[in-house]
Amino acid sequence: MNMTATALLEPYVLADDPVLDMLNTRANVDGEPFEFWQSDADVERWLVRLGWVAEGATPVFEVGSLLATAKVLREVIRTLLEQRKAGEQGDPAALNGFLRKAVSHPQLMWPAPGEVRLERQRKQQTPEQFLSPIAEAAAGLLVDGDFNLIRTCEHPECVLWFYDRTKAHKRRWCSMALCGNRHKVAEFRKRKLL
């Protein structure tokens, strides 16, 4: 694998669900396991890209703590989603730990006449508090998600998750560009050899 090209890669955003996109920040690239999150800046860039936070709105934490916390949360979510998908009972203690650390309250916003809205204000003193909206979204997905439509790509070398929101619910690949075309090419080659 060309490490220069790898350094330029951004995590895949193709799952049709931001929680599943978080799982996809650890994936296979050119058939090899690859960790897209190498630094706090990588996590922050991903959070901005997916709209979890505004650019420049990440508090300053101890170096490496945002990365470490995000990876722990990602793997906690991965374990619970895998268990839910398999029809097993999971232990929500670790995710509940993240949820317990969330400190928030509703705030009435009235920026102009006729523009009244309610926004949730959150404490962001720790990485756990900062990432709590993702923990809440994961808990919501575990409760309300249709696990018949939450899948992993059918390509044998791919580990990416997606939520099949297509009308016919027949999505098989993380993306036609990544794995669907690889499958088509492999099938074409098989037919040519016969």
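What counts, and at which threshold
- Residues numbered from 1 in each chain as written.
- Predicted model: local features only at pLDDT ≥ 70, side-chain atom pairs only at ≥ 80, totals over all residues.
- Heavy atoms only, no water.
- Helix = DSSP H or I, 4+ residues; strand = E, 2+ residues; numbered from the N terminus.
- Buried < 20%, exposed > 50% of the residue type's maximum accessible area, 1.4 Å probe, protein only.
- Contact = heavy atoms within 4.5 Å.
- Pairing = 2+ DSSP bridges.
- pLDDT = per-residue confidence, 0-100.
- Polar contact = N/O pair within 3.5 Å; in protein donor to acceptor, adjacent residues only side chain to side chain.
- Core = buried A, V, L, I, M, F, W, Y, C linked by side-chain atoms within 4.5 Å.
- Phe/Tyr/Trp six-rings, centres within 6.5 Å; stacked < 30°, edge-to-face > 60°.
- Lys NZ or Arg CZ within 6 Å of the ring centre and 35° of its normal.
- Expected span 1.5 Å × (residues − 1).
- Patch = residues over 30% accessible without salt bridge, like charges linked within 9 Å, V, L, I, M, F, W, Y side chains within 5 Å.
- Areas by Shrake-Rupley, 256 points an atom, 1.4 Å probe, with all protein chains shown as cover.
- Salt bridge = Lys/Arg side-chain N within 4 Å of Asp/Glu carboxyl O.

Asks: Got a sec to walk through the environment of Leu-66? Specific residues and values, please.
Replies: Note that Leu-66 resides in helix α4 (residues 65-85). Residue Leu-66 is classed as buried on the basis of its relative accessible area of 3%. A C-alpha to C-alpha distance of 5.3 Å links Leu-66 and Pro-127, two positions 61 residues apart in sequence. Each residue touching Leu-66, except ones within four places of it in the same chain, is listed here: Asp-40, Val-43, Glu-44, Thr-58, Phe-61, Pro-127, Phe-130 and Leu-131.

Asks: Describe the pairing of strand β4 (residues 115-122), listing the residues and the values that go with them.
Replies: Of the strand pairs in this sheet, strand β3 (residues 104-112) and β4 are connected by seven bridges, and their pairing is antiparallel. Bridging from a neighbouring strand, His-105 pairs with Gln-121 of β4. Turn length for the β3-β4 hairpin, with the two strands adjacent in sequence and antiparallel, is two residues, and the turn residue Gly-114 shows positive phi of about 80°.

Asks: Before we move on, could you go through the confidence of the model for the chain and cite the residues and values that matter?
Replies: Per-residue confidence for the chain gives a mean pLDDT of 89; residues scoring 70 or more make up 88%. Ranking the elements of the chain by mean pLDDT puts helix α1 (residues 3-7) last, at 43, and α4 first, at 98. For the stretch residues 1-7, pLDDT sits under 50, and the model shows five contacts to residues farther than four places along the chain or on other chains.

Asks: Quick rundown of the side chain of Thr-25? Include the residues and the values.
Replies: With respect to the helices and strands, Thr-25 occurs in the loop between α2 (18-23) and β1 (26-29). Assessed through its relative accessible area of 0%, Thr-25 is described here as buried. Engagement of the side chain of Thr-25 in a polar contact is seen with the side chain of Arg-74, the distance being 2.9 Å.

Asks: So, the nonpolar core: which residues are in play, and what are the values?
Replies: Across soluble globular proteins, nonpolar side chains show a tendency to be buried alongside one another. By size, the foremost hydrophobic cluster in this structure holds 35 residues, and its most contacted members are Leu-20, Leu-73, Ile-77 and Leu-81. For this core, the secondary-structure elements that each account for two or more residues are α2, α3 (40-49), α4, α5 (93-101), α7 (132-144) and β6 (161-163). Ranked by residues supplied to this core, first place goes to α4 with eight residues. Those residues within four positions of Leu-73 in sequence are excluded, and the remaining contacts are Met-22, Leu-95, Phe-98, Leu-131, Ile-134 and Ala-135. Counting residues in each nonpolar core, the second largest holds twelve residues, with Tyr-12, Val-29, Trp-173 and Cys-179 among its members.

Asks: Which residues make up the environment of Arg-74, and what are the values?
Replies: Among the secondary structure elements, Arg-74 is positioned in helix α4. Owing to a relative accessible area of 2%, Arg-74 belongs among the buried residues under this scheme. Residues Arg-74 and Asp-21 lie 53 residues apart in sequence; the distance between their C-alpha atoms is 10.0 Å. Look past the residues within four positions of Arg-74 in its chain and what remains in contact with it is Met-22, Leu-23, Thr-25, Arg-26, Glu-35 and Trp-37. Polar contacts involving the side chain of Arg-74 include one to the side chain of Glu-35, which spans 2.7 Å.

Asks: Give me the packing of aromatic side chains: which residues, what numbers.
Replies: The full count for this structure, using the stated rule, is four aromatic pairs. Centre to centre, the rings of Phe-34 and Phe-36 are 5.0 Å apart; their planes meet at 80°, and the pair counts as edge-to-face. Considered together, Phe-34 and Phe-36 belong to a single accessibility category, that of buried residues. When the centroid spacing of 5.4 Å and the interplanar angle of 75° are considered together, the rings of Trp-37 and Trp-46 count as edge-to-face. Here the basic side chain of Arg-165 rests over the ring of Tyr-163, its NZ or CZ set 3.9 Å away from the ring centre.

Asks: Now, about α4: what can you tell me, with residues and values included?
Replies: Taking 1.5 Å per residue, 21 residues should reach 30 Å; α4 reaches 30 Å between its end C-alpha atoms and fits that length. Taken as a whole, α4 has its buried residues at Ser-65, Leu-66, Leu-67, Thr-69, Ala-70, Leu-73, Arg-74, Val-76, Ile-77, Arg-78, Leu-80 and Leu-81. Residue Gly-87 follows α4 closely and has a positive phi angle near 75°.

Asks: Give a detailed account of a nonpolar patch on the surface, specifying residues and quantitative values.
Replies: Residues Leu-108, Trp-110, Val-116 and Leu-118 make up a contiguous nonpolar surface patch of about 470 Å² in total accessible area. Elements that contribute at least two residues to the nonpolar patch include exactly β3 and β4. As for its placement among the helices and strands, Trp-110 is situated in strand β3.

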